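The chain contents come next:
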Amino acid sequence: MKQTKTTELLIGMLIAAGFAALFVLAMKVSNLSSFSAADSYGITARFDNIGGLKVRSPVVAGGVLVGRISSIDYDNQRFEAVVVMKIDQAYDQFPDDTVASIYTSGLLGEQYVALDPGGSYELLADGSEIEFTTSALVLEKLVGKFLLNSAEGDSP
Amino acid sequence: MLEWIRGLGRSGFGFFQTLGRSNLFLLKILVGIPAVLARPRLLVAQLFSVGVLSLPIIVVSGVFVGMVLALQGYNTLVDFGAEESLGVVVALSIVRELGPVVTGLLFAGRAGSALTAEIGLMKATEQLAGMEMMAVDPIHRVIAPRFLAGFISMPLLAAIFSAVGIYGGYFVGVGLLGVDEGAYWSQMQSKVDLYDDVYNGVIKSVVFGFVVTWIAVFEGYDTVPTSEGVSRSTTRTVVFSAFAVLGLDFVLTALMFGD
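Described in the following lines is the structure provided in the data block. Keep in mind it's a predicted model, so treat the numbers as computed, not measured.

What counts, and at which threshold
Numbering of residues begins from 1 in every chain and follows the order in which that chain's sequence is written. A letter from A marks each chain and a number from 1 marks each ligand, given out in the order of writing. In view of the model being predicted, local features appear only for residues whose pLDDT reaches at least 70, and side-chain atom pairs are presented and counted only at 80 or more, with totals across whole chains, interfaces and linings using the full set of residues. Any residue pair is listed as a contact if its two C-beta atoms, each placed from the backbone, are within 7 Å. Side-chain classes are defined by residue name, with Ala, Val, Leu, Ile, Met, Phe, Trp, Tyr, Cys and Pro counting as nonpolar, Asp, Glu, Lys and Arg as charged, and the others, Gly among them, as polar. What makes a nonpolar core is a set of buried Ala, Val, Leu, Ile, Met, Phe, Trp, Tyr and Cys residues, with links drawn between C-beta atoms within 7 Å. Burial is judged by counting the other C-beta atoms within 10 Å of a residue's own C-beta: 20 or more makes it buried, 12 or fewer makes it exposed, and any count in between marks it as partly exposed, with every C-beta position built from the backbone. Put simply, DSSP marks the helices as runs of H or I at least four residues long and the strands as runs of E at least two long, and each gets a number from the N terminus on. Only the contacting stretch of a helix is used when fitting its axis, a line to C-alpha atoms as for every element, and angles between N-to-C directions run 0 to 180 degrees. Take the far helix as your reference; a near helix turned counterclockwise from it by less than a right angle gives a left-handed crossing, and one turned clockwise gives a right-handed crossing. Only when DSSP finds a minimum of two bridges between them are two strands counted as paired.

Taken together, the 19 residues of chain A in the interface contact 22 residues of chain B. Of the residues in the side of chain A that touches chain B, the class split is 12 nonpolar, six polar and one charged.

Structure (structure tokens):
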């Protein structure tokens, strides 16, 4: 009887350890804890060029993660990229003249949307659209512009 | 020449016979599982020998796999100045691939071979036939509890392997090599997705647990009842399980991460 009790105890520990490990994987390793989509509101922004922005890319304000990109579409009529981002409900005080810009973290890092709040008294609400946006910088375009400028500088 | 073709046909026929037998056997096991749930004591004993006794090798391998990954990943990443991504490298490779696959291989070697040898020896010493004489169905009494125990243990062991491996990587990466602790965890959390990565890893381990235990109990039940037959079945269990795990891993990866 003693033997089976120890056995049962050890099995219980195995099962508990297994579920604890799953819990660690879910909470500590994956992105579940960092942002949940449950208490968030969506705002839309239109960009000429989104560069390498992807669904689930971070949305930051002042360097702090406030939300994530939830969908990216292309508007066939206006030839613009339509980006929908889910912002954490805790940060619901963005004015409606907030500027959304696409930046790159580091030289080769992933791209993210930065929100720069403006001075308006009207706030962004669920479903509203950001008017002022800055598109992603595409490296090839920059290099092309630079080459063009230096070629013009050389000619006279 | 004709003899060679006949040999080919015979081995092909034998292969499909075995495949059919194993499938019928699986059906019988699945039918027998409710009978096991009525007698949980049988399952508990098997959970102990299949699950708990496999725990040490899983934990030790997990720690070392994580540590080696951190060491190798660091040496490569530091050339690009990207050693902050070490957590992502370790977590993704363990959660997606190494956790389920290495656990599957170790499980086949540690628990699968033991299952085959035990059942094969039971058959060789005619214990299974004896049970049938007493109107006890050996599939209900012997096979199904072992199958269920393996099927339950394997995902738990794989989850433990993954978690322990990530902490192994943490010890080497943060403790030894001086990667920033916050970067290790935060980069990991921002890149590892619960559904795409963690759940798919769990699905993999469930599939591997099913297949490895199925192969093990079938090889044991289907063994030639001699000492040589039992030894061959045990070898076949490990070899076939390794093939099945690695092959299925490719298929599952293609299905899950293919897009």
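Let us keep going from here.
Within the largest apolar cluster, 76 residues are counted, with the highest numbers of intra-cluster contacts made by Ala 91, Ile 143, Ala 159, Ile 160, Val 212 and Val 217 of chain B. At 20 residues, the largest contribution of residues to this core is made by helix H6 (residues 138-176) of chain B. Once you skip the residues sitting within four places of it in the chain, Val 212 of chain B turns out to touch Gly 104, Phe 107, Ala 108, Gly 112, Gly 150, Met 154, Ser 241 and Val 245 of chain B. Counting 20 residues, the second-largest nonpolar core is a separate cluster that includes Ala 45, Ala 81, Met 85 and Leu 124 of chain A.

Attention shifts here to the packing of H6 of chain B against helix H8 (residues 194-221) of chain B. All names here are of chain B. Where H6 meets H8, the closest approach of the two axes is 8 Å, and the angle between their N-to-C directions is 145°. Crossing handedness for the pair H6 and H8: right-handed. In terms of residue class, the contact of H6 with H8 is built from 16 nonpolar, six polar and one charged.

Here we take up the pairing of strand S1 (residues 40-47) of chain A. Residues and elements named next belong to chain A. Alignment of S1 against strand S4 (residues 80-88), held across eight bridges, turns out to be antiparallel. The partner of Phe 47 across the bridge, within S4, is Ala 81. Sheet analysis places S1 next to strand S7 (residues 129-130), joined by two bridges and oriented parallel. Paired with Thr 44 across the two strands is Glu 129, which belongs to S7.

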